[in-house]
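For reference, the chains in residue letters:
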Amino acid sequence: MTHNLSSYALPLAIVSTALIVGAFEPAFLTLESAISVVHRMAIIGIMAIGMTFVIMTAGIDLSVGPTLALSGLVSFFSLQVVGIPLPFAILAGLLSGAFVGAVNGFVVAVFQLPAIIVTLGMLSIVRGSALILGGPALHQISNMPAYSFIGTGSVLGVPLSVWLFAAVAGVAIWVQRYTAYGVRVSSLGDNPTAAHLSGFRTRLLTFSTYVICGTCAALAGIIESTQVYTASANFGEFGTELDAISAVILGGASLFGGKAFVYKTVLGVLFLGIINSGLNILNVPIAAQLIVKGAIIVAALALASWRKV
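Below: a short report on this structure. (Residues numbered from 1 in each chain as written. Predicted model: local features only at pLDDT ≥ 70, side-chain atom pairs only at ≥ 80, totals over all residues. Heavy atoms only, no water.)

A word on the overall build of the chain
Scanning the chain from terminus to terminus reveals 14 helices and four strands. A globule of 309 residues ought to have a C-alpha radius of gyration of about 19 Å, and the chain, at 19 Å, matches this closely. Taking the principal axes of its C-alpha atoms as reference, the chain extends roughly 60 × 55 × 35 Å. (Helix = DSSP H or I, 4+ residues; strand = E, 2+ residues; numbered from the N terminus. Rg over C-alpha atoms; globule rule 2.2 N^0.38 Å.)

What to know about helix H3 (residues 31–56)
Look at H3: only 33 Å from first C-alpha to last across 26 residues, short of the 38 Å you get at 1.5 Å a residue. Judged by how many residues are buried, H3 sits mostly within the fold: 19 of 26 residues are covered. Ala58 occupies a position one or two residues after H3 and carries a positive phi of about 70°. (Expected span 1.5 Å × (residues − 1). Buried < 20%, exposed > 50% of the residue type's maximum accessible area, 1.4 Å probe, protein only.)

Quick notes on the layout of surface pockets
Considering only enclosed or pocket space, the largest pocket measures out at about 530 Å³ in volume. Along the walls of the largest pocket sit 21 residues, with Arg40, Met41, Ile44, Asp243 and Asn276 positioned nearest its centre. Among the elements of the structure, H3, helix H11 (202–227), helix H12 (240–250), helix H13 (262–281) and helix H14 (286–308) are those that each provide at least two residues to the lining of the largest pocket. Grouping the amino acids of the lining of the largest pocket by side-chain chemistry returns six nonpolar, ten polar and five charged. (1 Å grid on protein atoms, 1.4 Å probe; cavity = no way out; pocket = protein on both sides within 12 Å on 5 of 7 lines; lining within 4 Å. Points joined across faces, edges and corners; volume = space filled by probe spheres on them. Nonpolar A, V, L, I, M, F, W, Y, C, P; charged D, E, K, R; others polar.)

Side note on the environment of Tyr181
Inspection of the secondary structure puts Tyr181 in helix H9 (residues 180–190). Here the alpha-carbon distance between Tyr181 and Phe200, two residues 19 residues apart in the chain, equals 9.9 Å. Tyr181 has contacts with Phe53, Val175, Leu205, Ser208, Thr209 and Ile212, leaving out every residue within four places of it along the chain. Looking at Tyr181, its side chain comes within polar contact range of the side chain of Ser208, at 2.6 Å. (Contact = heavy atoms within 4.5 Å. Polar contact = N/O pair within 3.5 Å; in protein donor to acceptor, adjacent residues only side chain to side chain.)

Printed below as a string of structure tokens:
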């Protein structure tokens, strides 16, 4: 009974919070407002989906913020300086994120080092690499309408970023629920020893989750740079990765691995989006917003621990 009630905790929190905010600002309860919330959270949402697979293995990736910045720069320079076609420029950006994830995954999987230490070091390495590539300057994206459409365009009246978030979420949910890979990653987080004895290639599975996470961060970086018509090494500042991790935790994921679900991460992203929008509508100071968000994360962790008792 307790488990059944806790399963509905996040959806109920989303609905009740939206109704509370709507009481102060009725326009918040419109379809346009809902799309706007998802649009603002699409970047964090895509990163959080990638992070879900890493956390399923009891890992973590703190380097997604700088990876976001690097991928935007790589795609920008591929188009602006090298002059390669748009699809290949986007691919270059995605591959840069995949490469960062591959390095993280290789070190964590092969050398069995703590993921938090490896990715914290990679955070500095990637940020430095982005600064070497782009410097501290802002690089304006101009006269590239097809590229800018990624972040600013709409399809059927819905921003393309929302469609991309939905597509990534849909594919990830399908992979997790209906493929052997999803089952094996979950099993690896639940019991690494049992997974190894079952014949799973545990190191390759661990490696692959970091590649997925890095690729998702790269896609988020391309979307962000095209939304603001700017590529910068300073994007993905400290706190971006914490928002992504927070969404996964709010979705009920266990930091000890195994228990994490993409669809619940999506709900966690929506809840964070409603909280952010609500606090802005109520003109809550930034310092107070950080305190509220931190308290929510702690409460989510406490709830997760309570469910395990």
